[in-house]
Amino acid sequence: MSNNLNPLEGTAHLLDELDKKLMVLLRDGRTLIGYLRCVDQFANLVLHRTIERIHVGREYGDIPRGIFIVRGENVVLLGEIDKDKEDNLPLTEVSVDDILDAQRREQDAKIEQQKLLSKALKDRGLNLLADLGHDDMF
């Protein structure tokens, strides 16, 4: 019986991704796109020419971040960017100010919806733990 497993274990698999353009989704919900330049045994990453991409609906905006160091425990998802598909995104690029305004409106709407839900539950004698932050959910 032949064993065709990759001899690299754990974070060593990331060595195959060095110098490739990657998308990294963080625990706090941010999306980073940059070139992987360095990785260590804890999956800490160094990204070069990094942008933070913000999505709202069918629009997106890119904020240049430069060199970005990401602690490995904050990475939820990591994947290589397909160069052929990158230019044909089904999204519309907007300015940073416009996407930040849209993001703020979206967050305000979510907060308002959360308040309505909390009030409806309270009226029924239930209590919603609203003080849980985004990080507490992971």
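Placed above this text is the structure.
Our subject in this report is the structure included herewith. It should be emphasised that the depicted structure is a prediction, and the values quoted were computed from it without experimental measurement.

1. Here we look at the overall build of the chain
Here is step 1: If you tally the helices and strands in the chain, you get two helices and six strands.
Here is step 2: Considering the chain as a whole, with its 138 residues, one finds that 22% of them fall into the buried category.
Here is step 3: Sequence separation of at least 24 residues holds for 47% of the intrachain contacts in the chain that already meet a minimum separation of 6.
Here is step 4: Here the chain has roughly 10100 Å² of accessible surface; of this, 52% comes from carbon and sulfur atoms.

2. Digging into the sheet that holds strand β5 (residues 75-80)
Pairing between the strands of a sheet comes from backbone hydrogen bonds, and it takes one of two forms, parallel or antiparallel.
Here is step 1: Reading across from one edge, β5-β1-β2-β3-β4-β6 is the order of the six strands in this open sheet, with mixed pairing throughout. Here the strands that pair on one side only, and so sit at the sheet edges, are β5 and β6 (92-93).
Here is step 2: Where strand β1 (residues 21-26) lies against β5, five bridges are found, and the strand directions are antiparallel. By the bridge assignment for β5, leucine 25 is matched with leucine 77.

3. Some remarks on the nonpolar core
Here is step 1: Counting twelve residues, the largest nonpolar core consists of Leu14, Leu22, Val24, Leu26, Leu32, Leu36, Val39, Ala43, Leu45, Leu47, Phe68 and Val70.
Here is step 2: Mapped onto this core, the elements with two or more residues apiece are β1, β2 (31-39), β3 (45-56) and β4 (59-70).
Here is step 3: Look past the residues within four positions of leucine 22 in its chain and what remains in contact with it is Glu17, Leu32, Ile33, Gly34, Leu36, Leu78, Gly79, Glu80 and Ile81.
Here is step 4: Listed in part, the six residues of the second largest apolar core include Val56, Ile63, Val94 and Ala102.

4. Some thoughts on the pairing of β2
Here is step 1: As judged from the five bridges shared by β1 and β2, these two strands associate in the antiparallel manner. In the sheet register, leucine 25 faces β2, and the bridge partner there is threonine 31.
Here is step 2: Counted between consecutive antiparallel strands, the loop separating β1 from β2 contains four residues, among which glycine 29 sits at a positive phi close to 95°.
Here is step 3: The sheet contact formed by β2 and β3 spans seven bridges and is antiparallel. From the neighbouring strand, threonine 31 faces β3, where its bridge partner is arginine 53.
Here is step 4: Counted along the chain from β2 to the antiparallel partner β3, the turn is five residues long, and its residue alanine 43 has a positive phi close to 65°.

5. A short note on unusual backbone geometry
Here is step 1: One non-glycine residue with positive phi stands out, namely alanine 43, at about 65°.
Here is step 2: If you trace the backbone, alanine 43 turns up in the loop between β2 and β3.
Here is step 3: A positive phi angle is found at arginine 49, which is not glycine, with a value near 50°.

6. Digging into the layout of surface pockets
Here is step 1: There is about 170 Å³ of room inside the second largest pocket.
Here is step 2: In terms of lining, the second largest pocket is formed by Ile33, Arg53, His55, Glu80, Ile81, Asp82, Lys85, Glu86, Leu89, Pro90 and Leu91.

7. Structural notes on the environment of tyrosine 60
Here is step 1: Relative to the helices and strands, tyrosine 60 is located in strand β4.
Here is step 2: Separated by 42 residues in sequence, tyrosine 60 and alanine 102 place their C-alpha atoms 9.6 Å apart.
Here is step 3: Setting aside anything within four residues of it in sequence, one finds tyrosine 60 in contact with Arg53, Ile54, His55, Leu89, Leu91, Thr92, Glu93, Val94 and Ile99.

8. Describing helix α2 (residues 96-123)
Structurally, the α-helix is built with 3.6 residues per turn, so residues lying three or four positions apart point the same way.
Here is step 1: Over its 28 residues, α2 extends 41 Å from the first C-alpha to the last, a length consistent with the 40 Å expected when each residue adds 1.5 Å.
Here is step 2: Of the residues flanking the end of α2, it is glycine 125, one or two places downstream, whose phi is positive at about 85°.

Calculation rules
Residues numbered from 1 in each chain as written. Predicted model: local features only at pLDDT ≥ 70, side-chain atom pairs only at ≥ 80, totals over all residues. Heavy atoms only, no water. Helix = DSSP H or I, 4+ residues; strand = E, 2+ residues; numbered from the N terminus. Buried < 20%, exposed > 50% of the residue type's maximum accessible area, 1.4 Å probe, protein only. Contact = heavy atoms within 4.5 Å. Areas by Shrake-Rupley, 256 points an atom, 1.4 Å probe, with all protein chains shown as cover. Pairing = 2+ DSSP bridges. Core = buried A, V, L, I, M, F, W, Y, C linked by side-chain atoms within 4.5 Å. 1 Å grid on protein atoms, 1.4 Å probe; cavity = no way out; pocket = protein on both sides within 12 Å on 5 of 7 lines; lining within 4 Å. Points joined across faces, edges and corners; volume = space filled by probe spheres on them. Expected span 1.5 Å × (residues − 1).

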